[in-house]
Amino acid sequence: MTTNDLIAGQTALITGASRGIGKTIALTLAAAGAEVVVNYSNSEEKANEVVAEIKASGGHAYALQANISEETEVEELIKKILVKSNKIDILINNAGITRDGLLMRMKTEDWLSVINLNLNGVFYCTRGVARTMLKQRKGRIINITSVVGLMGNAGQANYAAAKAGVIGLTKSTAKEFASRGITVNAVAPGFIETDMTKELNADSILSAIPLGSFGTTEQVARTVRFLAADPAAAYITGQVLQVDGGMVMS
Ligand code: NAP
């Protein structure tokens, strides 16, 4: 069996797939034979480039705009996918933002915007695909959390709370859906080189990473591909898989 056999023909929705980790997940799942829905919020041109790159290498993809923080936009997004593809087999909850600041000075709007996308958005998308996956008696949900959700981080109370919430949501949903052939897992990256991390001080972070380097989007995407694949990950649910160079060991 080749890698292509593992998820070939399945429809995968990836939120926030126009850039960064989500983009690489889209390219990786498409290369493994999935039809990929490239969701984006603002970066229409970049999302179209991801779709073009997938099509140029013989894959299947289309882009759909939706602000994942907005319940009604998520509902519309799911409806459009069901009209176009008639199924959703894989959901990757990847869209995320940071609005960093010390708690004492954190603006309520910065707290809310991070919680609304990074936690509420995962809830909207999961609930949105649940009916379809339950009917199919088949599905894979993979939530991109963060090591910050495990260890906390000064200046990121909003982000850490959302990512820790995603871990609780992952485990609860895994328990609710297990009897219906749906697995739900989380991937917790450490520091991965993307737009999100480009402003950070590399030296201070590197000293906290036992493997001594930042991670790549490919390393996260291949982990996601493993969790989405049959039969490789069929017996794994409710887990948090860290891709962090050893930053957090429990
Ligand atoms: P990124 O490079 O900043 O990309 C973020 C993606 O999310 C973009 O495609 C963006 O699309 C999309 N997005 C933003 N707001 C959205 C919204 N309201 N609705 C739909 N899509 C939206 O971020 P990244 O580093 O790849 O991070 C991806 C995920 O990994 C996030 O959940 C992040 O928390 C997590 N993570 C990242 C790291 C890291 O070191 N980079 C570590 C741990 C966890 P538009 O451009 O169209 O807005």
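What you see is a predicted model, and the numbers here were worked out from it, not measured in a lab.

A few words on the packing of helix 4 (residues 71–85) against helix 5 (residues 108–136). Following both chains from N to C, one finds helix 4 and helix 5 inclined at 35°, their axes separated by 9 Å at the closest point. Of the two possible hands of crossing, helix 4 and helix 5 adopt the one that is right-handed. Here helix 4 contributes Glu 71, Val 74, Glu 75, Ile 78 and Leu 82 to the contact with helix 5, which in turn contributes Tyr 124, Cys 125, Arg 127, Gly 128, Val 129 and Thr 132. Grouping the constituent residues of the contact of helix 4 with helix 5 by class yields six nonpolar, two polar and three charged.

With 21 residues, helix 7 (residues 157–177) ought to run about 30 Å at 1.5 Å a step, and its terminal C-alpha atoms sit 30 Å apart, in line with that. Buried within helix 7 are the following residues: Asn 158, Tyr 159, Ala 160, Ala 162, Lys 163, Val 166, Ile 167, Thr 170, Thr 173, Ala 174 and Phe 177. Residues of helix 7 that are buried in the fold lie against helix 5, strand 5 (139–144), helix 6 (148–151), strand 6 (182–189) and strand 7 (240–243).

The next point concerns the packing of aromatic side chains. For the structure on display, the rule yields one aromatic pair. Relative to Tyr 124, the ring of Phe 123 lies with its centre 5.8 Å away and its plane at 50°, an arrangement referred to as tilted. Using a relative accessible area of 36% as the deciding quantity, one classes Phe 123 as partly exposed. Against the face of Tyr 62 rests Lys 84, its NZ or CZ located 4.8 Å from the ring centre.

Of note, Ser 85 is situated in helix 4. Within the local environment of Ser 85, its side chain forms a polar contact with the side chain of Tyr 62, the two groups lying 2.6 Å apart. Among all residues touching Ser 85, those that are not within four sequence positions of it are Thr 11, Glu 35 and Tyr 62.

Turning next to the nonpolar core. Most often, soluble globular proteins keep nonpolar side chains buried together rather than apart. By size, the foremost hydrophobic cluster in this structure holds 33 residues, and its most contacted members are Ile 25, Leu 29, Val 36 and Ile 92. For this core, the secondary-structure elements that each account for two or more residues are strand 1 (11–14), helix 2 (20–31), strand 2 (35–40), helix 3 (44–56), strand 4 (90–93), strand 5 and helix 9 (217–228). Apart from residues no more than four positions distant in its own chain, Leu 29 is found in contact with Ile 7, Ala 12, Ile 14, Ala 34, Val 36, Ile 90, Ile 92 and Arg 225. Core analysis: the next-biggest nonpolar cluster, separate from the first, contains 24 residues, Ala 66, Ile 88, Cys 125 and Ile 141 among them.

Next up on the list: the environment of Lys 46. Here Lys 46 shows up in helix 3. Spatially, the C-alpha atoms of Lys 46 and Arg 131 are 31 Å apart, while their sequence positions differ by 85 residues. Setting aside its immediate chain neighbours within four residues, Lys 46 contacts Ser 18 and Arg 19.

Taken together, seven strands build an open sheet; the order of strands is 3-2-1-4-5-6-7 and the sheet is parallel. One side of each edge strand has no neighbouring strand; the edge strands of this open sheet are strand 3 (60–65) and strand 7. With direction set aside, neighbouring strand axes in the sheet form an average angle of 20°. The strands touched by helix 3 are strand 2 and strand 3; relative to strand 3, the strand with the most contacts, the crossing angle is about 170°. Taken strand by strand, helix 7 contacts strand 5, strand 6 and strand 7, and its axis lies near 160° from that of strand 6.

Attention now moves to the pairing of strand 5. Among the six residues that make up strand 5, six are buried, leaving the element largely enclosed by the rest of the structure. The side-chain alternation of strand 5 yields two buried faces, one formed by Gly 139, Ile 141 and Asn 143 and the other by Arg 140, Ile 142 and Ile 144. Two elements, strand 4 and strand 5, share four bridges in a ladder whose sense is parallel. Among the inter-strand pairings, Ile 92 is bridged to a residue of strand 5, identified as Ile 142.

The next point concerns a negative patch on the surface. A contiguous patch of negative charge on the surface is contributed by Glu 44, Glu 45, Glu 49 and Glu 53. Relative to the helices and strands, Glu 49 resides in helix 3.

Now for the site of the ligand. Taken together, 33 residues sit near the ligand, with Asn 42, Ser 43, Asn 94, Tyr 159 and Thr 194 positioned nearest. Within the backbone of Asn 42, an N or O atom sits 2.7 Å from an oxygen atom of the ligand. One nitrogen or oxygen atom from the side chain of Tyr 159 is found 2.5 Å from an oxygen atom belonging to the ligand. Contact with the protein chains covers 94% of the free accessible surface of the ligand, which is 890 Å².

Moving on, we get to unusual backbone geometry. Along the chain, Asp 230 connects to Pro 231 via a cis peptide bond; the corresponding omega equals -5°. Not every positive phi belongs to a glycine, and Asn 86 is a case in point at roughly 70°. Structurally, the position occupied by Asn 86 is in the loop between helix 4 and strand 4. Positive phi values are uncommon outside glycine, yet Arg 137 reaches one of about 55°. In this fold, Arg 137 is placed in the loop between helix 5 and strand 5.

The rules behind the values
Residues numbered from 1 in each chain as written. Predicted model: local features only at pLDDT ≥ 70, side-chain atom pairs only at ≥ 80, totals over all residues. Heavy atoms only, no water. Axes fitted to C-alpha atoms, helices over the stretch in contact; angles between N-to-C directions. Helix = DSSP H or I, 4+ residues; strand = E, 2+ residues; numbered from the N terminus. Left-handed = near helix turned anticlockwise from the far one by under 90°. Contact = heavy atoms within 4.5 Å. Nonpolar A, V, L, I, M, F, W, Y, C, P; charged D, E, K, R; others polar. Expected span 1.5 Å × (residues − 1). Buried < 20%, exposed > 50% of the residue type's maximum accessible area, 1.4 Å probe, protein only. Phe/Tyr/Trp six-rings, centres within 6.5 Å; stacked < 30°, edge-to-face > 60°. Lys NZ or Arg CZ within 6 Å of the ring centre and 35° of its normal. Polar contact = N/O pair within 3.5 Å; in protein donor to acceptor, adjacent residues only side chain to side chain. Core = buried A, V, L, I, M, F, W, Y, C linked by side-chain atoms within 4.5 Å. Pairing = 2+ DSSP bridges. Patch = residues over 30% accessible without salt bridge, like charges linked within 9 Å, V, L, I, M, F, W, Y side chains within 5 Å. Areas by Shrake-Rupley, 256 points an atom, 1.4 Å probe, with all protein chains shown as cover. Salt bridge = Lys/Arg side-chain N within 4 Å of Asp/Glu carboxyl O. Lys, Arg positive; Asp, Glu negative; His and termini not counted. Charge placed at Lys NZ, Arg CZ, Asp CG, Glu CD. Near = heavy atom within 4 Å.

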